[in-house]
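Take a look at the letters that make up each chain.
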Amino acid sequence: ELILSVPGLLAKLVDHATRLPYNPRFPSTPSEIDHWMRFIDDHISDEIAMGEPMLNQSYPGGPLADPCASLVDDLTDRVEVLYVLGLLLVGKQRKQVQKALAELELIPKLSLLYDNFIWRSNGGRQRSRLPSHHTGCECSPEVALKIQLLRLIHSFCDHSDYKHLLLSRCEWDELQRIPGSKAPAVLRLEESEGGDVVMEPQLPPPQPRLMCKGSAGLLTKIVDVLKKEPSGSTHRFWLSRTVESYLRGGTSHHDQIFLLRRGLLEHITASLIQTDARHKEAIQSSFDLLGEMVKFSYEACKQMDSILNNENKLRKAMAMVNNNLVDSNMFIRAMVLAASHFKASGGETEEFVNQSRLMQHFREFDKHVKFVVNLVSILKVTDLTQENVSCLNTSLVILMLARKEDRLPRLLHNLSEHDHCNPLLTNLRNLLLFWQEHYLHKDKDCSTLEKSSLIPFSFWKSTVAMLTSEKESSLSSVLHYIKIRQGRELWHRGEDEINMDTEDF
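Before going into details, it helps to say that this report is about the structure given with it.

Calculation criteria
- Residues numbered from 1 in each chain as written.
- Predicted model: local features only at pLDDT ≥ 70, side-chain atom pairs only at ≥ 80, totals over all residues.
- Heavy atoms only, no water.
- Helix = DSSP H or I, 4+ residues; strand = E, 2+ residues; numbered from the N terminus.
- Buried < 20%, exposed > 50% of the residue type's maximum accessible area, 1.4 Å probe, protein only.
- Contact = heavy atoms within 4.5 Å.
- Areas by Shrake-Rupley, 256 points an atom, 1.4 Å probe, with all protein chains shown as cover.
- Core = buried A, V, L, I, M, F, W, Y, C linked by side-chain atoms within 4.5 Å.
- Expected span 1.5 Å × (residues − 1).
- Axes fitted to C-alpha atoms, helices over the stretch in contact; angles between N-to-C directions.
- Parallel < 35°, antiparallel > 145°, perpendicular 65-115°, else oblique.
- Left-handed = near helix turned anticlockwise from the far one by under 90°.
- Nonpolar A, V, L, I, M, F, W, Y, C, P; charged D, E, K, R; others polar.
- Patch = residues over 30% accessible without salt bridge, like charges linked within 9 Å, V, L, I, M, F, W, Y side chains within 5 Å.
- Salt bridge = Lys/Arg side-chain N within 4 Å of Asp/Glu carboxyl O.
- Polar contact = N/O pair within 3.5 Å; in protein donor to acceptor, adjacent residues only side chain to side chain.

Each helix and strand in the chain was counted, giving 25 helices and 4 strands. Relative to its full complement of 505 residues, the chain shows a buried share of 48%. The long-range fraction of contacts in the chain, counting pairs at least 24 apart against all pairs at least 6 apart in sequence, stands at 76%. By element, 53% of the accessible surface of the chain is carried by carbon and sulfur atoms, the whole surface being about 24,700 Å².

Residue Pro 21 is bonded to the preceding Leu 20 through a cis peptide linkage, with omega at 5°. Topologically, Pro 21 is positioned in the loop between helix H2 (9-18) and helix H3 (32-50). One non-glycine residue, Glu 105, adopts positive backbone phi at about 60°. Assignment of secondary structure puts Glu 105 in the loop between helix H5 (94-103) and helix H6 (106-114).

Further remarks concern the nonpolar core. For soluble globular proteins, nonpolar side chains are generally found buried alongside one another. With 135 residues, the main nonpolar core has Tyr 114, Phe 156 and Leu 415 as its most contacted residues. Ignoring sequence-local partners within four residues, the contact set of Phe 156 consists of Leu 89, Gln 98, Leu 101, Ala 102, Leu 106, Ile 107, Tyr 162, Leu 165 and Leu 166.

Another aspect to go through is the side chain of Asp 327. Examined against the element boundaries, Asp 327 turns out to sit in helix H16 (residues 325-345). Not counting residues up to four positions away in its chain, the partners in contact with Asp 327 are Lys 280, Ile 283, Gln 284, Phe 287, Asp 288 and Glu 387.

Let's shift gears to helix H19 (residues 365-377). For H19, which comprises 13 residues, the first-to-last C-alpha distance of 18 Å matches the rise-based estimate of 18 Å (1.5 Å per residue) to within 8%. All of the buried residues in H19 are Phe 365, His 368, Val 369, Phe 371, Val 372, Val 373, Leu 375 and Val 376.

Looking now at the packing of H16 against H19. Axis separation between H16 and H19 bottoms out at 12 Å; the angle between their running directions is 150°. When the axis of H16 is compared with that of H19, the two are roughly antiparallel. The handedness of the crossing between H16 and H19 is left-handed. Along its contact with H16, which presents Leu 325, Asn 329, Ile 332 and Val 336, the element H19 presents His 368, Phe 371, Asn 374 and Leu 375. Grouping the constituent residues of the contact of H16 with H19 by class yields 5 nonpolar, 3 polar and no charged.

Once that is clear, we can look at a nonpolar patch on the surface. Together, Tyr 83, Val 84, Leu 87 and Val 90 line one region of the surface with nonpolar side chains, adding up to about 350 Å² of accessible area. By secondary structure assignment, the location of Leu 87 is in helix H4 (residues 67-89). Given the relative accessible area of 44%, Leu 87 is considered partly exposed.

Moving on: the environment of Lys 483. On the secondary structure map, Lys 483 appears in helix H25 (residues 478-504). What makes Lys 483 partly exposed here is its relative accessible area of 36%. C-alpha of Lys 483 to C-alpha of Ser 473: the two residues are 10 residues apart in sequence and 9.8 Å apart in space.

Moving on, we get to the pattern of salt bridges. Going through the model one piece at a time under the given rule, you end up with 22 salt bridges. Two residues, Arg 241 and Glu 244, come together in a salt bridge whose shortest N-O distance is 2.6 Å. One end of the pair is Arg 241 and the other is Glu 244, both in helix H10 (residues 236-247) and 3 residues apart, which spans about a single turn. Each member of the pair, Arg 241 as well as Glu 244, is classed as buried. Connected through shared salt-bridge partners, Arg 94, Asp 158, Arg 241, Glu 244, Arg 248 and Asp 288 make up one network.

It is worth spelling out the packing of helix H11 (residues 253-260) against helix H14 (residues 298-307) at this point. Orientation of H11 relative to H14, taken along the N-to-C sense of each, is 30°, at an axis distance of 9 Å. Taken together, H11 and H14 sit at an angle that is classed as roughly parallel. On H14, the residues that touch His 253, Ile 257 and Leu 260 of H11 are Glu 299, Ala 300 and Gln 303. Of the residues in the contact of H11 with H14, the class split is 3 nonpolar, 2 polar and 1 charged.

Here we come to the side chain of Arg 363. On the secondary structure map, Arg 363 appears in helix H18 (residues 357-363). Engagement of the side chain of Arg 363 in a polar contact is seen with the backbone oxygen of Ser 356, the distance being 3.3 Å. For Arg 363, the contacting residues outside a window of four places in its chain are Ala 339, Lys 343, Val 353, Asn 354, Gln 355, Ser 356 and His 368.

Attention now goes to the environment of Phe 362. Mapped onto the fold, Phe 362 is located in helix H18. Residue Phe 362 is classed as buried on the basis of its relative accessible area, which comes to 0%. Between the C-alpha atoms of Phe 362 and Ala 339, which are 23 residues apart in sequence, the distance is 6.5 Å. The residues contacting Phe 362, other than those within four sequence positions of it, are Met 318, Phe 331, Ile 332, Met 335, Val 336, Ala 339, His 368 and Phe 371.

Now the structure itself:
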């Protein structure tokens, strides 16, 4: 609040971070590092020719300094200012900062700055690396600047009313012309809460002066770079994260279709099949982005089904999903929710989910049981982190869908038949008890769970309460199946002891 209360500070930070011209840039110079080396070579040559050091202003109105030093200082200043702006966007005043930065035309200014960046995909020939650096090394003075800029855009878009400023005016017009979904998904409250449908609030049209100029907005520019960058690129993680942040929150059919038209889902799906398993960050960010693209989207699921159009591709994709459960769990959740929604919608979408080989992996009851077993097995209350706690929520979504379809007792029974049943069910119960402590805290904002799943949070709470119930007679209580299994084991143990005594006799 203190920083935001300083008159004109935000405006100065925005102008300082996005000022142009952006140096060093020379025509017909292929790679980023070549621009820097040419600048240094030219500077040294000029100093030798003049016989004395050259000094100029480090920035308009600033003190005289050596050009090389001032160039490095300028880059460092930009990185630090972008970092500060990003910090302001993750604080308690996030909504206020988003509004202020939008009105200061941050996004169109960042779009112009972004145009000056050179990526591996468009850098042409790469200068030879230092002896100790590997061939894929991306050491460059500008790496930190690119990452901080992408992080800033990520924070600006996160649950923001101003995310459409990343579009140009003509792209906004395109977005408005996109037809509605064939299977619209909405949040419906429970009967005890009135049973009303909660509609996502319509965002007002963005002001043209605050939007990106030209035909391609900043979002499209980011997608274009993401599609061209190599799978091992340092920047793919934040490029994917930025687009995911744009989509995150309430389901936006029009935004999903906008990105489908730009070939993003096809690119991410293909790159996952071909990704080296060592690139963990790229796998996680790709799955998270896919999860946002397919969430309740008939068109996206249908396109993915057509991409994975043979047994080999589908097997590779599912192997990637099952071998990276922590990284892929958000995608699993989105696909399970989509399959359930399509079945309930009937008509064309129900026919698709029943016939699709891809959707088969996310619609069938046995597959749901397997997902819960595998997800719960990799979690322990003592090892929960911000990264893997989502696996618990994905398991809980599957349990809630089983409850909606009156199959929760059957699912719990199947879990009890699994090998190592007691550790599995006891672990599940402990995890759910942790969930209650974590999410039912009075200051905890749980709206994101509700918006992302379109399941009322009251249903989340009542399902967990049902599962953790102390009533051993309840078929929806995990404890019921733990006690049954314990009884069986005691009976078998006693039978074995009787048999041993008989053999001794």
